[in-house]
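# Descriptive structure summary
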Amino acid sequence: SQQGEEDPQALSIQEGENATMNCSYKTSINNLQWYRQNSGRGLVHLILIRSNEREKHSGRLRVTLDTSKKSSSLLITASRAADTASYFCATDNGSGGSQGNLIFGKGTKLSVKP
Amino acid sequence: DARVTQTPRHKVTEMGQEVTMRCQPILGHNTVFWYRQTMMQGLELLAYFRNRAPLDDSGMPKDRFSAEMPDATLATLKIQPSEPRDSAVYFCASGLVLGGWGTDTQYFGPGTRLTVL
């Protein structure tokens, strides 16, 4: 069943602009992760935010989490052509004690034009 | 630099043939996942193992798909007989799952692109 839903489905911006992607989920979670997938490649973990955290930074990435709204956002600042990829949010199933399985959304396809 | 490896990277086969995909998880990881990715359905979890024991394979069509971990360094996903609707990219991922507040980060292989004619 779908847990995370990314929005928008596709985003096209110019190099140097910021890119914001959103994710909504349905049930309670222990943590939420964002992954990137370059064309023809496997997913790569970007950042994890725990349910008791509201914001986290990693380089040009900023993730926020609002558990009351069951939503998260991923902000990429000063985007580069190399950021062109699909971005997925993934949540655990929120049961007490993680089982390790994640539920992925369908992703946001980001295109950064040079 | 530890990585998940998958073979083959590409496979073209005819309907009815058996297909076996292999995965070598990262050494020390205790959990292995199999996913299928298509444009229509996105990324679907097929099955996963903890310490080589199957935990959940409810995402897998049981009549034709089977997943095993013969040892800690090898996971296999088999389709017999294959059908055109099985055409997809199959990913293996591994992770160290500690439960509770464990990070549950998954490390993905490059995928096997399967085409069934």
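Residues numbered from 1 in each chain as written. Chains lettered and ligands numbered in written order. Predicted model: local features only at pLDDT ≥ 70, side-chain atom pairs only at ≥ 80, totals over all residues. Heavy atoms only, no water.

### Considering the pattern of salt bridges
Between side chains of opposite charge, a pair can form as their charged atoms come close. All names here are of chain B. All chains considered together, the criterion is met by eight salt bridges over all chains. Here Arg-36 ties to Glu-44 by a salt bridge, and the two come within 3.3 Å at their closest N and O atoms. One salt bridge in this structure joins Arg-64 and Asp-86, with 2.6 Å as the shortest N-O distance. You can see Arg-64 sitting in the loop between strand 6 (53-56) and strand 7 (65-71) and its partner Asp-86 sitting in the loop between strand 8 (74-79) and strand 9 (88-95), a full 22 residues away along the chain. By relative accessible area, Arg-64 is classed as buried at 8%. Ionic contacts of the salt-bridge type, sharing partners, join the residues Arg-64, Glu-83, Arg-85 and Asp-86 into one network. (Salt bridge = Lys/Arg side-chain N within 4 Å of Asp/Glu carboxyl O. Helix = DSSP H or I, 4+ residues; strand = E, 2+ residues; numbered from the N terminus. Buried < 20%, exposed > 50% of the residue type's maximum accessible area, 1.4 Å probe, protein only.)

### Remarks on the interface of chain B and chain A
Counting residues at the interface gives 25 residues for chain B and 23 residues for chain A. Counting each side, the surface lost to burial between chain B and chain A is near 1900 Å², with a carbon and sulfur contribution of 50%. Taken together, the links from chain B to chain A amount to zero salt bridges. For the interface between chain B and chain A, the tally reads four residue pairs in polar contact (both at pLDDT 80 or more). Of all the elements in the fold, those that place two or more residues in the side of chain B that touches chain A are strand 4 (31-38) and strand 5 (42-50) of chain B. The leading source of residues in the side of chain B that touches chain A is strand 5 of chain B, at five residues. (Contact = heavy atoms within 4.5 Å. Buried area = accessible area lost by both parts, 1.4 Å probe. Polar contact = N/O pair within 3.5 Å; in protein donor to acceptor, adjacent residues only side chain to side chain.)

### Digging into the sheet that holds strand 7 (residues 61-66) of chain A
All names here are of chain A. The antiparallel open sheet is built from five strands, whose spatial order is 1-3-8-7-6. Unpaired on one side and paired on the other, strand 1 (5-7) and strand 6 (55-58) mark the two borders of the sheet. On average, adjacent strands in this sheet sit at an angle of 20° to one another, irrespective of strand direction. Two strands pair when backbone bridges link them, and strand 6 and strand 7 are joined in this way by four bridges, in the antiparallel orientation. From the neighbouring strand, Lys-56 faces strand 7, where its bridge partner is Val-63. (Pairing = 2+ DSSP bridges. Axes fitted to C-alpha atoms, helices over the stretch in contact; angles between N-to-C directions.)

### A few points about the environment of Ala53(B)
Residue and element names in this part refer to chain B. Tracing the backbone through its elements, the reader meets Ala-53 in strand 6. On the accessibility criterion, Ala-53 (38% relative accessible area) is partly exposed. When the C-alpha atoms of Ala-53 and Thr-31 are compared, they prove to be 9.1 Å apart, with 22 residues separating the residues in sequence.

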